[in-house]
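# Report on the structure
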Amino acid sequence: MPVARIIPCLDVADGRVVKGVKFRDHRDVGDIVDLALRYRDEGADELVFYDITASAEGRGVDVAWVHRIAAVIDIPFCVAGGIRSRDEAARVLEQGADKISVNSPALERPELIGELAQAFGRQCVVVGIDSLIAGDGRWIVKQYTGKVEATRDAGRDTVAWAREAVALGAGEIVLNCIDRDGVRRGYDLVQTAALVPLGVPVIASGGAGSVQHFADAFGIGASGALAASVFHDRRIAIPDLKRDLAALGVETRP
Amino acid sequence: MSIAILDLGYGNVESIRLGFARLGAEPSLVKDAASVGEVERLVLPGVGAAGYAMERLRSLGLIDALKARTRPLLGICLGMQLMFESSDEADTLCLALVPGRVREMTAVPGRPVPHMGWTAIEDAAPKSDKDIGLVNGDHVYFAHSFACDDGPATAARVTYGTPLPAALRHGHLWGAQFHPERSAEPGARFLKAFLSA
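Here the structure is a predicted model, which means the values were calculated and not measured. (Residues numbered from 1 in each chain as written. Chains lettered and ligands numbered in written order. Predicted model: local features only at pLDDT ≥ 70, side-chain atom pairs only at ≥ 80, totals over all residues. Heavy atoms only, no water.)

## Section: the overall build of chain B
Stated precisely, the cut-off is as follows: We count a stretch as a helix when DSSP gives it H or I for four or more residues in a row; a strand needs E for two or more, and each element gets its number in order from the N terminus. This radius of gyration counts C-alpha atoms alone. The globule rule is 2.2 Å times how many residues there are, raised to the power 0.38. In what follows, residue pairs with any heavy atoms lying within 4.5 Å of each other are defined as contacts. Charge counting follows a simple rule: Lys and Arg are positive, Asp and Glu are negative, and His as well as the terminal groups are ignored. Where a charge lies is defined by one atom per residue type: Lys uses NZ, Arg uses CZ, Asp uses CG and Glu uses CD.
From N to C terminus, chain B includes six helices and 13 strands. Relative to the globule expectation of 16 Å for 197 residues, the C-alpha radius of gyration of chain B, 15 Å, shows essentially globular dimensions. Its C-alpha atoms give chain B principal-axis dimensions of roughly 45 × 35 × 30 Å. By sequence separation, contacts in chain B at least 24 residues apart represent 67% of the contacts at least 6 residues apart. Of the charged side chains in chain B, 19 are positive and 22 negative; the average position of the first set lies 3 Å away from that of the second.

## A look at the overall build of chain A
What counts is decided by this rule: Think of it in three bands: residues with accessible area under 20% of the maximum for their type are buried, residues over 50% are exposed, and the middle band is partly exposed, with areas taken using a 1.4 Å probe on protein chains only.
In terms of regular secondary structure, chain A is built from 10 helices and 12 strands. Relative to its length of 254 residues, chain A is compact, with a C-alpha radius of gyration of 16 Å against a globular reference of 18 Å. Dimensions of chain A along its principal axes, counting C-alpha atoms only, are 45 × 45 × 35 Å. Expressed as a percentage of its 254 residues, the buried residues of chain A come to 61%. In chain A, of all internal contacts separated by at least 6 residues, the share reaching a separation of at least 24 is 64%. Distance between charge centroids for chain A: 2 Å, based on 30 positive and 36 negative side chains.

## Some points on the packing of helix H2 (residues 64-72) of chain A against helix H1 (residues 13-21) of chain B
Stated formally: Think of each axis as a best-fit line through the C-alpha atoms, taken over the contacting stretch in the case of a helix, with angles from 0 to 180 degrees between the N-to-C directions. Here roughly perpendicular refers to angles of 65 to 115 degrees, roughly parallel to angles under 35, roughly antiparallel to angles over 145, and oblique to all remaining angles.
Close contact between H2 of chain A and H1 of chain B brings their axes to 8 Å; oriented N to C, the two are set at 40°. For the element pair H2 of chain A / H1 of chain B, the angle class is oblique. Counting all contacts with H2 of chain A, which are made through His-67, Ala-70 and Ala-71 of chain A, the residues of H1 of chain B involved are Glu-14, Arg-17 and Leu-18 of chain B.

## Description of the sheet that holds strand S3 (residues 41-44) of chain B
All names here are of chain B. Our working definition: When DSSP finds two or more bridges between two strands, those strands count as paired.
Ordered in space as S2-S1-S3-S4-S13-S12-S11, the seven strands form an open sheet in which the pairing is mixed. Since the sheet does not close on itself, it has two edges, and those belong to strand S2 (28-30) and strand S11 (154-160), each with one partner. Taken over all neighbouring pairs, the strand axes of this sheet differ in orientation by 25° on average, direction set aside. Seen against the sheet, H1 touches strand S1 (3-6), S2, S3 and strand S4 (73-76) and runs at an angle of roughly 165° to S1. Across the face of the sheet, helix H6 (residues 184-195) comes into contact with S1, S3, S4, strand S12 (162-170) and strand S13 (173-176) while running at roughly 170° to S13.

## Notes on the interface of chain A and chain B
As a measure of interface size, the accessible area lost when the parts come together is often cited. What counts, and what does not: Buried area counts how much accessible surface, traced with a 1.4 Å probe, disappears from two parts once they are put together, with both parts' losses summed. When a carboxyl oxygen of Asp or Glu is within 4 Å of a side-chain nitrogen of Lys or Arg, the pair counts as a salt bridge. Any pair of N or O atoms that falls within 3.5 Å is considered a polar contact. Within protein, one atom must be able to donate a hydrogen and the other to accept it, and sequence-neighbouring residues count only if both atoms are side-chain atoms. Here the nonpolar group is Ala, Val, Leu, Ile, Met, Phe, Trp, Tyr, Cys and Pro; Asp, Glu, Lys and Arg are the charged ones; every other residue, Gly included, is treated as polar.
Residue-level contacts link 37 residues of chain A with 31 residues of chain B. The largest contributions to the chain A side of the interface with chain B come from Met-1, Pro-2 and Gln-123 of chain A, which together make up 23% of the buried area. Linking chain A with chain B are one salt bridge, by the criterion used here. Among the salt bridges present, the one from Asp-98 of chain A reaches Arg-182 of chain B, with a minimum N-O distance of 2.7 Å. If you look at where chain A meets chain B, you find 16 residue pairs in polar contact (both at pLDDT 80 or more). Those elements giving two or more residues to the side of chain A that touches chain B turn out to be H2 and helix H5 (111-120) of chain A. Split into classes, the residues belonging to the side of chain A that touches chain B amount to 16 nonpolar, nine polar and 12 charged.

## With respect to the nonpolar core
Note the following rule: The definition of a nonpolar core used throughout is a set of buried Ala, Val, Leu, Ile, Met, Phe, Trp, Tyr and Cys residues joined through side-chain atoms within 4.5 Å.
One finds Leu-47, Phe-49, Phe-77, Phe-214 and Phe-231 of chain A to be the most contacted residues of the largest nonpolar core, which totals 82 residues. Counting 34 residues, the second largest nonpolar core, distinct from the first, contains Cys-77, Ala-124, Ala-155 and Phe-190 of chain B.

## Here's the deal with the packing of aromatic side chains
Here is the rule we go by: Stacked, edge-to-face and tilted labels apply to pairs of Phe, Tyr and Trp rings (six-membered ring for Trp) whose centres lie within 6.5 Å, assigned for plane angles under 30 degrees, over 60, and everything in between, in that order. The rule for a charge over a ring is simple: NZ of Lys or CZ of Arg within 6 Å of the ring centre, and within 35 degrees of the ring normal.
Under the definition given, this model contains 10 aromatic pairs over all chains. Relative to Phe-231 of chain A, the ring of Phe-214 of chain A has its centre 5.9 Å away and its plane inclined at 35°; by these criteria the two rings are tilted. Here the residue Phe-214 of chain A occupies a position in helix H8 (residues 211-219), and Phe-231 of chain A occupies one in helix H9 (residues 229-232), the gap between them amounting to 17 residues. Both rings, one in Trp-174 of chain B and one in Phe-190 of chain B, keep their centres 5.8 Å apart while their planes meet at 75°; by these two values the pair is edge-to-face. Taken together, the residues Trp-174 of chain B in strand S13 and Phe-190 of chain B in helix H6 connect sequence positions 16 residues apart. Owing to a relative accessible area of 1%, Trp-174 of chain B belongs among the buried residues under this scheme. A residue is classified by how much of its surface remains accessible, and Phe-190 of chain B, at 0% relative accessible area, is buried. The rings of Phe-142, Trp-174, Phe-178, Phe-190 and Phe-194 of chain B are connected pair by pair, giving a single aromatic cluster. Between Arg-253 of chain A and the ring centre of Trp-118 of chain B, over which it is positioned, the NZ or CZ distance is 3.9 Å.

## Section: the environment of Val-148 of chain A
As for its position among the elements, Val-148 of chain A is in the loop between strand S8 (139-143) and strand S9 (152-157). When the C-alpha positions of Val-148 of chain A and Asp-136 of chain A are compared, they lie 22 Å apart, and in sequence the two are 12 residues distant.

## Things to note about the side chain of Asp-181 of chain A
Structurally, the position occupied by Asp-181 of chain A is in the loop between strand S10 (172-177) and helix H7 (189-195). For Asp-181 of chain A, the side chain forms a polar contact with the side chain of Lys-19 of chain A, separated by 3.5 Å.

## Topic: the pairing of S1 of chain B
Residues and elements named next belong to chain B. Of the two faces of S1, both are covered, the one formed by Ile-3 and Ile-5 as well as the one formed by Ala-4 and Leu-6. Across three bridges, the pairing between S1 and S3 is parallel. Within S3, the position partnered with Ala-4 by the bridge is Leu-42. As paired elements, S1 and S2 share three bridges and run parallel to each other. From the neighbouring strand, Ile-5 faces S2, where its bridge partner is Leu-29.

## Notes on the confidence of the model for chain B
Basically, it comes down to this: pLDDT expresses, on a scale from 0 to 100, how confident the predictor is about each individual residue.
For chain B, the mean per-residue pLDDT works out to 95, and 98% of the residues sit at or above 70. The ipTM, which scores confidence in the relative placement of chains, is 0.94 for this predicted complex, and the corresponding pTM is 0.95.

Written out as structure tokens, the structure reads:
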């Protein structure tokens, strides 16, 4: 069995790594390659880079930095943001990325997921879902979350959309629970657990603040746990996290 | 030493090229039968679908050259699967360099498909004719939905419900179901072993 994956997430805007709270008020965190190397050296199992403004600005991903990362790190990484076509995905993969993640463009045109899976294999195709708990308690999908003024309801329920994405060829789902983003109160375990029976790896995202939060996510069947601010702010160091997870019975890569 | 990567216009050629470059090797990219025959070490990469990859090999006229090769050939992920006789993926006939079939994996509770992530190597045989630079317990990175039949070419296994071949070494043939170019230090050891084969 694969061991639990620890996945730092780097939000990229204008060629720098940034971080917001509940997807707002982004601040500068550092250089992309410096951070990629830092996390690789600390024992991250995988990295995700989100070009967070690409979809909201209606442009494709900026591939210049993709190649710089591919050249220096020796762990897998996924690129997300503004990938709207097979050709655009090919451009990112040709720069050395291992996986591509689609979110808003897949909501615009769900067939994109199948086109990517057919061309590159489903192990290469990640679908990111930004989920919000609506006023009536339903879990709903949000779109264009990279910019506050562009964000809107996608008109879909989270679990139904995840099921459709898997049927179309998604090889992995990253569930980002917006209500938890950047506030360090723990992953939304109920929402995350609801996707695990779909049969593809599910990555928990949004809300990590303590070692126990990571352990909880793996406990309900998440294959990986994604986090940004706790790593960027050095509240949790990955080597310490892995050591403490071992004490809680969660196996990770040494 | 010459090393080349078959560039079929699909998949993770650049990722693999950079993996070798970090070890000081300088792979060229080739897609002609003469190079497939001549180059000292050849890598058959692969992300994508077996049917498309075989069709590309056929249209480039590379199948006979790959079958005739006697110098080291490394298939990575789909590239390793293409070395088998056939694949469940669109019921594709493959290169038949290694006996057996490539079968679709089925998700069961607690074991999603694709098999994605870092899994520990088992049954490695260092200092033997199956030496691939890995030892038991090395974690390497997998991302696959199809798995090869176990057989005499298997050089290491990984358990995902059942034991599956993680690597092959048989005569001049090498294979990695995992991604050595993205498997940190153990992956680098694997690539180094291939470079010194």
